[in-house]
Each structure stands twice: as structure tokens, then as C-alpha cells.
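Residue-level structure breakdown
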Amino acid sequence: MIALSVSKNQIPIPNIEGTEAETTVSFFQGGHKESLYWGTYRPNVYLGIRARTPQSLVAGLMWTCVKDGRFSMRHVCQNADELKKYGWMRHNGRDYGHQELVDQDMTLMTSFFKSKEDGSGYGGDWTVRIDVRNENSKLSEDLQQTAHLFFYLADEDGNALSLSRDLLDIHDNSLLAFGSRKDIGSWHLHLTSMDDLEVHYSGFKTPHIHNLSDLVQQNLGAQVRKFGHLQLSDTSDDSSNILVFQISGSIPFRADIAFVSGTDLGGNSRLKDRLNSLTGTLLTTRLDEKEREFDDKFKNSFSLTDELDFESISIGKAAVANLMGGIGYFYGQSKISLPKTSDFKSGERYISYWPAELYTAVPSRPFFPRGFLWDEGFHQLLIWLVACYCLVYICRRWDIQICLDIVGHWLDLMNVEGWIPREQILGAEALSKVPEEFVLQHPTNGNPPTLFLVLRDLVFGMKKNKFTAAERDQISSFLERAFVRLEAWFQWFNTTQSGMATSSYFWHGRDNTTTRELNAKTLSSGFDDYPRASHPGDEERHLDLRCWMLLAADCMYSISKLLRKEKELGKEYGSTAKLLSDFAILNQMHFDDAYGAYFDFGNHTEKVRLSWQEVGGTNHYASRELVREVLERPRLRFVPHIGYVSLFPFMWRILPPDSLILEKQLDLISNRSILWTDYGLRSLSKTSSMYMKRNTEHDPPYWRGPIWMNMNYLILSSLHHYSKENGPYKDKAKTMYSDLRSNLIRNIVRNYQQTGYFWEQYDQKKGKGKGARVFTGWTSLVLLIMAEAYSEW
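Within each chain, residue numbers correspond to sequence positions counted from 1 in written order. Restriction of local features to residues with pLDDT of at least 70 applies here, the model being predicted, together with a cutoff of 80 or more for giving and counting side-chain atom pairs; totals for whole chains, interfaces and linings are based on all residues. Hydrogens and water are ignored here; the side-chain numbers use all heavy atoms of the structure.

What about the overall build of the chain?
Quick note on the threshold: Put simply, DSSP marks the helices as runs of H or I at least four residues long and the strands as runs of E at least two long, and each gets a number from the N terminus on. Between the two quantities, the radius of gyration covers C-alpha atoms and the globule rule is 2.2 Å times the number of residues to the power 0.38. The classification of residues rests on relative accessible area computed with a 1.4 Å probe and restricted to protein chains. Under 20% of the type maximum is buried, over 50% is exposed, and intermediate values are partly exposed.
The helix and strand inventory of the chain stands at 18 helices and 34 strands. Taking 793 residues into account, the globule formula puts the C-alpha radius of gyration at 28 Å, and the chain, at 27 Å, falls close to it. Principal-axis analysis of the C-alpha atoms places the extent of the chain at approximately 80 × 75 × 60 Å. For the chain, with 793 residues in total, the buried portion stands at 60%.

Structural notes on helix α11 (residues 543–562)
Selection rule: Each residue after the first adds 1.5 Å to the expected span of a helix.
The terminal C-alpha atoms of α11 lie 29 Å apart, and with 20 residues this matches the ideal 28 Å at 1.5 Å per residue to within 8%. Where burial is concerned, most of α11 is hidden: 16 out of the 20 residues are buried.

Looking at the nonpolar core
To keep it simple, the criterion reads: Here, the term nonpolar core denotes a set of buried Ala, Val, Leu, Ile, Met, Phe, Trp, Tyr and Cys residues that are joined through side-chain atoms within 4.5 Å. Contacts were defined at the residue level, with two residues in contact if any of their heavy atoms lie within 4.5 Å.
Membership of the largest hydrophobic core comes to 209 residues, with the highest contact counts inside it found for F302, F378, W489, W548, W652 and M711. Of all the elements, α11 adds the most residues to this core, at 12 residues. Excluding residues within four positions of it along the chain, M711 makes contact with W374, F378, F527, Y644, F648, M651 and W703. Core analysis: the second largest hydrophobic core is formed by 15 residues, V58, Y152, L212 and L232 among them.

Concerning the packing of helix α5 (residues 310–325) against helix α17 (residues 730–755)
Using the following cut-off: Convention adopted: a line fitted to C-alpha atoms gives each axis, helices being fitted over their contacting stretch, and angles between N-to-C directions are expressed from 0 to 180 degrees. Roughly parallel here means an angle under 35 degrees, roughly antiparallel means over 145, roughly perpendicular means 65 to 115, and every remaining angle is called oblique. In the scheme used here, Gly and all other residues not listed as nonpolar or charged are polar, with Ala, Val, Leu, Ile, Met, Phe, Trp, Tyr, Cys and Pro taken as nonpolar and Asp, Glu, Lys and Arg as charged.
As a packed pair, α5 and α17 sit with axes 10 Å apart at the nearest point and diverge in direction by 85 degrees. As summarised for this structure, α5 and α17 are arranged roughly perpendicular, according to the angle between their axes. Taking contact as the criterion, the partners of E311, S312, I315 and A318 in α5 are, on α17, V749, Y752 and Q753. Grouping the amino acids of the contact of α5 with α17 by side-chain chemistry returns 4 nonpolar, 2 polar and 1 charged.

Some points on the pairing of strand β4 (residues 70–74)
This is how the line gets drawn: At least two bridges found by DSSP between two strands are what make those strands a pair.
Two strands pair when backbone bridges link them, and strand β3 (residues 57–67) and β4 are joined in this way by 5 bridges, in the antiparallel orientation. Across the sheet, V66 pairs through a bridge with F71, a residue of β4. The antiparallel pairing of β3 with β4 creates a hairpin that spans 2 residues between the two strands, and D68 there sits at a positive phi of about 55 degrees.

What to know about the pattern of salt bridges
Rules: Between Lys or Arg on one side and Asp or Glu on the other, a salt bridge is scored when a side-chain nitrogen of the former is within 4 Å of a carboxyl oxygen of the latter.
A full pass over the atoms with the stated rule returns 33 salt bridges. D544 is paired through a salt bridge with R532; the nearest N and O atoms lie 2.9 Å apart. Of the two residues, D544 sits in helix α11 while R532 sits in the loop between α10 (469–496) and α11, which places them 12 residues apart along the sequence. For D544, a relative accessible area of 0% corresponds to the buried category. Overall, R532 belongs to the buried group, its relative accessible area being 0%. Look at the salt bridges and you will find they share partners, linking R90, E291, D295 and K317 into a network.

Some thoughts on the pairing of strand β20 (residues 356–361)
Taken across its 6 residues, β20 has 5 buried, putting it largely inside the fold. Both strand β17 (residues 327–332) and β20 contribute to a ladder of 6 bridges, which runs antiparallel. Counted as the bridge partner of G328 is T360 from β20.

Thoughts on the sheet that holds strand β12 (residues 185–192)
Spatial ordering of the open sheet is given by β5-β6-β7-β8-β16-β12-β11-β10, a layout of 8 strands whose pairing is antiparallel. Two strands in the sheet have a free side with no partner beyond their single neighbour: β5 (85–91) and β10 (162–163). In this sheet, strand β7 (residues 106–115) lies alongside strand β6 (residues 96–103) in antiparallel orientation, the contact comprising 8 bridges. Bridge assignment links H98 to a residue of β7, and that residue is S111. Sitting on the sheet, helix α3 (residues 268–277) is in contact with β8 (125–134), β12 and β16 (253–261), with an inclination near 140 degrees to β16. Where helix α4 (residues 280–302) meets the sheet, its contacts fall on β5, β6, β7, β8 and β16, and the angle it forms with β7 comes to roughly 85 degrees.

Some words on helix α12 (residues 566–580)
The line we're drawing: The directions considered for the arc are those from the helix axis to the C-beta atoms.
All of the buried residues in α12 are G570, Y573, G574, T576, A577 and L580. One face of α12 carries all of its buried residues, which in axial projection span an arc of 165 degrees. Exposed and oriented more than 90 degrees from the buried face of α12 are K567, E568, K571 and K578. On the buried face of α12, the contacting elements are α10 and α11.

Topic: the packing of helix α9 (residues 451–463) against α10
Stated precisely, the cut-off is as follows: By convention, the crossing between two helices is left-handed when the near helix turns anticlockwise from the far helix through less than a right angle, and right-handed when the turn is clockwise.
In contact at an axis separation of 12 Å, α9 and α10 are set at 140 degrees when each is read in the N-to-C sense. One way to sum up the angle between α9 and α10 is to call them oblique. Handedness of the crossing formed by α9 with α10: left-handed. Along the contact surface, α9 presents L451, F452, L455, L458, V459 and M462, while α10 presents R472, I475, S476, F478, L479, L486 and W489. Looking at the contact of α9 with α10 residue by residue, the class counts come to 11 nonpolar, 1 polar and 1 charged.

Things to note about a positive patch on the surface
The line we're drawing: Residues forming no salt bridge and having over 30% relative accessible area are the ones grouped into patches, like charges within 9 Å of each other and nonpolar side chains (Val, Leu, Ile, Met, Phe, Trp, Tyr) within 5 Å. A 1.4 Å probe and the Shrake-Rupley method give the accessible areas. Residues count as covered only by the protein chains that appear here. When charges are counted, neither His nor the chain ends are considered; positive counts come from Lys and Arg and negative counts from Asp and Glu. Charge coordinates come from a single atom per side chain, which is NZ of Lys, CZ of Arg, CG of Asp or CD of Glu.
Side chains of K463, K464, K466 and K561 sit close together on the surface and give a patch of like positive charge. Topologically, K466 is positioned in the loop between α9 and α10.

So, unusual backbone geometry
Cis geometry is found at the peptide bond from I251 to P252, where omega equals 5 degrees. Relative to the helices and strands, P252 is located in the loop between β15 (242–250) and β16. Phi is positive for E82, close to 55 degrees, though the residue is something other than glycine. Even without glycine at this site, R564 takes up a positive phi of about 60 degrees. In this fold, R564 is placed in the loop between α11 and α12.

So, the packing of aromatic side chains
Applicable threshold: Classification of ring pairs uses Phe, Tyr and Trp, with its six-membered ring standing for Trp, and accepts pairs whose centres are within 6.5 Å; under 30 degrees between planes counts as stacked, over 60 as edge-to-face, and the remaining range as tilted. Placement of a positive charge over a ring is assigned whenever Lys NZ or Arg CZ falls within 6 Å of the ring centre and within 35 degrees of the normal to the ring plane.
Under the criterion given, the structure shown has 48 aromatic pairs. Aromatic side chains F28 and F478 sit 6.0 Å apart centroid to centroid with 50 degrees between the ring planes, which places their arrangement in the tilted category. Here F28 is found in the segment before α1 (30–35), whereas its partner F478 is found in helix α10, with 450 residues between them in sequence. Under the relative-accessibility criterion, F28 is labelled buried at 4%. A ring pair is formed by Y752 and F758, whose centres lie 4.8 Å apart and whose planes are at 45 degrees; its orientation type is tilted. As far as burial versus exposure is concerned, Y752 and F758 are alike and both buried. The ring of Y359 carries R52 above its face, with NZ or CZ at 4.3 Å from the centroid. For the cation-ring pair, K297 lies above W398, with the distance from its terminal atom to the ring centre recorded as 4.7 Å.

Quick look at the environment of L373
Here L373 lies in helix α6 (residues 373–383). In the structure, L373 is positioned 73 residues away from G446 in sequence and 9.4 Å away in space, judged by C-alpha atoms. Residues within four places of L373 in sequence aside, it is in contact with W410, I420, R422, N447, T450, L451 and W489.

Structure follows, in C-alpha cells:
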């Protein structure tokens, strides 16, 4: 049984001498930490800036739009706004980003720039340039539209913010607001523009900012009813900790909003020079330089081939830019589910995790603007890139320090048992976006340990001696610091998720009492509704988890050798990896000769269906609902559903290159009646009894047919591997690799061109984007596919 010990102080972090060491994140101090202090770390809003500290100054942008004859406010990313397009076109993850947003006929272009100058406070200065243009350039001057922007600054600590006395005349004085904080000292916020703009303001006193757009709309509504003007009230609550500035002007116009820190550290002339460098023509020059730097870094990092056209390359840039621009900083407490038998507190369903911070990329700004454990490993494959090109090992990096920093933050969320909550919902803003049923995290349930994917790449690069001496020292020091947590993580999986048979594993957390689901979901696996055994139980053997454990054991063995711990620790990991990679044992436990495929094993029957039944309703009226109906007694057997799970041994390259079983896997992949489509590999075979079946009345098929990029990337990577291995199937793997790569690139480029977005998944019949849009996340792996950048080990 998993103890609910979740106090951070209970996590022992011994160093090599046996004394207590600091957390993994504390490895990143000094210049690195300060350089990342400010950033666009609020991916849930269209433009949001904050510092990497629990209680920060927070900035953001809102604007109004006329929809169905009524004004509506844009602030939080949401599909209901129906923007034609939005996303980062360039973003380096550190000090520069350029975003384009198209809302009906208006185009907003936002540029973020950060600098550290003599006299700056901690973290430096930053500025936002906002260009407002009309999408319809043929409009006459008589039809010029007025745009209303709302830029705000809020102090999460509740400190009062001060307004400039001459706020309403920006031509004579650009100062909007000022204040002071312990972390950065005194600061100023300025607005400059060459255009004729009108400025109004409103100040609010409130402990939270997640409902700020409601407060602004209420203020505007009251003004419209009183005076007939859409403008803020030019009033402020006492000790306001939020200031909102309305910037109105005829389109087109441009405004620069500069935040200058450390204003008490230098003279007026120095402050004026710093402000000038953050606005106007000097800012234009610096933004142009940053754009060129991004393009050069992109070219050097990914080395895209000449076969790709300009449009495809631009979409590749958008992939990495949206991933880097989607990095967020969160602080709060997870809610941890209590066992039903718990007597912790009468009536309580959960206890709170310790207050924690998380620096992480997010899968989707409107739908999933928070941290997901199994997504993050795929994100880091792009942020950190080790690639093998044409048999010549080339070490290329987008930003290794950001990658390690993110991994460190995730490892620091581990409790004393070695468990990490799989979904991080930290803070009021994050909580406001999550349905209640997904808030509680269950300490018995895991999530694929995908962070080992990037750690394996790092170790492989170290073994190949492809780092500078300084880089080797940094990676070794990080792994040394992280090792105790990685050990605890591995042991948690190895003990809590093990099966009844030796070397077997199964995902805990499936509901064996469900009467509503066609097949009990396996949320902990990441594959949600992918069909598993019809009757969950301890006899289950889950093929994908076995392969994840092989990855983890092999990676831990390699790290222990690198850190020269193999004598004391490596033997266990090495023996586990050897056992899990044993081809004969794998086949005995998971291979079905009749299908020529690898499967899960469990208590299963295919004769399960959802049928309409009448149930008692209110006021003596009966209602109908879909109820699970089992027509045959289950038995222990292979679960005969071919799909992504079946291909894990292939993805992990366990199959010998001359094996007949490898040929059978290639046949399954290339068969159009099973997995192959012109747009990528579908998640579940067309021959499966669960193919495109709803799991409940309200749950459409998710991993039961649609095409997902993370699994297609891993499968493509293994096709690339086998196409280089001597064996009878080398040429077949090479042809399949080329065709699948072309299909994936072509379809994602086409969808982006048509819709302006990356998508969560893609329809297996016509290739159309499905699920969450603005889902960069692991869909950004298309860039690695373009670059033919795959891990080698």
C-alpha cells in the first residue's frame, strides 16, 4: 500500500558523502536563474508575463472584439473566441518572442524582448511591442476601426501599485505606473507611441487575477450604461494591486510598453538611455537582430534538407517557437486523493501536497495550460536534441540548460515514496481551467516515465564524447544531484506497478466496478481509452509499461556507470534491463503467434457492449442511459487489439534485425486494413472490435483510431533504425520510413496552412486535425521528423 507521506521535508536527498543535499532545481543558480527570471510564463492567456517566483508581478494583454453585435473581451486562450490564428512565430525561450494573433479583421502582433543593462534590477528589464493592423488592407480611411487594448500589471503579493500623475497624456510623460519589490527593487512601467492614442485606467484591489477580465468588463459595462463610452472609469480602489490601462486608437497603430527595473540604482540620464533602448527605433533594431538570431539558430540546430519548401520550414519554426513560448511557471498545491478507507478527516476526499513550483512546457494553451508528466518527456526531445545524421554523430542543442531545469523541476515534485503526480494543477489560474473530475491526483497511479527518453540521449552523448568539458561537467553534476530521485522513481514503479508474473507490470488505477464504460480507462498509461483487458485485475500484464520499465532500467544502468556507481547500484539495473530485453521471455509473455502481434494479457472477453437501459428517474419518470453489458464470462488470455501498444517492442528496438517477428511487425504497420493511412499510423487497427467505438455515451473514441504524433515519431524513429541495420528487412524498413515520414509532414503542413494551428490528433480517414487545437506539445515533433533527428542508443 502506498503511504500518503507528502511532506517535502520527508524526502531524503543524500549526496555522495551521505549528508543531505539540496533539491535538483537548486543546481540552477547564478546567471542561469537570473537570465530566466522574467518570461512569457503564462501560456493560458494570449499574452502574459511573469517572473519565476511564487508571488510575482504579473502582466498581460486583453482586447475587445465585436461578436454577434456585442462587445466581448479576449484574454484567456479559448476556442470559443474563434480566432483565425494565434501563436508564436519565433520564440527562443529566453529573451525574445514574436507572436501573431488574427481576430476577425484585426491582426495583433506582439513582440517580447528582455535585456540586462548596467543599473537594472534582478532579472533585468523587458518590453512588449504591440502592432495593431487591419487584416483587410483595402479599407478606406473613412472605415478605419478603433481598437481597444487593455494592458495590465498586477502584484500577486497584494502590494499597492502607484499611478503616474500625468497618466492621461502619454506624449508629455510616458510613465504609467511605478512601485517597488524586494526581488527587483524599484520599477517603472512606461508607454510610448508615435501614434495618436487615448489612455484610460482602472485600479482594482483583489487577491486573485484569474477573474480579472470579468472585473474589467464590469467596469466597462457600467461606463457604457452611464456615459455611452467604451472606456475605463479612470478610478482606482484604495491600495490597488492591479492596474489596467486602456489603450485606444485608430488602426493601424503601434505601442511599446517597457518595464524598467532598478530605477533607484541609477541616475535619470541612465534610466532615460535604458528606456530609449527598450522603445522606438532602437527597439526595432534589437528585435530585428533577435529575429535573425532565431533564424540562424533554427538553421544550425535542425539542418532541414532542401526537399522542404519555405512554407514547411516556416511551420517548423512555428513548432519550436510555440513549444518554447508555451513554457510556463506555476506555483501551488496539488490535491491528492485519499483512499476510501482513510479516516484522515471525516468527509474529506483529499489532502494537499506541499506548496510547489513547476517550470514546464504545456501541451496546449487553451485546453491543457499546465504540466503533464508523460507529455513533458516528448517536449524535451525537441528542447534538447541529440541526433545522428547519415551515420555521423552530431550533437545539436536548442537549449540544454532549459531542458535540465525543467527536468529538475519535475523531479522535485516527487514525494518520499518516489511518486510524481501525473497532472500538475498549481494555482488558481490553472485550477480554473480543469474539470473537477481530473483535479484529484491518485498516489497509486503512475504515468509513463518519459523523462528517461531525454536522459538516455544525454548519457549517450556523454558516452560518445560529443560535449565540451564544461558541458560534461554540467551534465554529470546534474545527474549526480538527480540520481537519488531517479532511483526513487524507478523503485516506485518497480514495486507498485509490478504484476503477478515475474518481470510483468500493469498500470494501476483501472476501475474494475465500472458499469458505464465499454472498456475501463487506463488514464495512468497516457492512452486513456485504448482497449485493455475487459475485466481489470492483478493478473494483467501491460506491454507498454514493461517497455517503459526497460527504458528506465537501461537508462539508470547507463547513468550509474557514468557516475561510477555501477558496483554498488548498477548491477540491479543492469540485470533488470537484461531481463526485460530478453527476446524469448518477451515473446512468451506477450507474443501471439496466431496474430503475429504483441498484446497485453489479462482477464478478457470480446463480448462486451453498451446497450440502452431504462433507469429510475425523478418524479417517477424513467430515463434511458447506456450501460455496459457483458455477454460472455471472461478468461485469462491475450487482449487481441492491434495498435500502438502492440508496437512497443518494435519502438524499443528489442527485435533482432533478422527476426521473422520483425517482418511481421513491418507487415502490420504497412497494412492499410490495420494501421497504415496516407496521413500517419492510426492508433488502433481497423480490425479491432473497439475501433472508433465510444467508451461511454459522452466519451468519443480518443486512442481508438485517430493519428497521434508522439507514437508516430517513435515508430518512425525505429523504422529509421532498422533501415540502417544489416538484415533481410533493411530495404523494406527504408521504403516504409520514407513513405511514413512524407505522409506525416505533408498532412501536418497542410492542416497548419488551412487552419493556422497544430492539432492534438489527426483523423485517420481524411487527415483533418482533431481534438484540441493550438496543441503544439508533442505534435511539435514534426520538426524532428523534418530534420530526420532521431535518438540513437
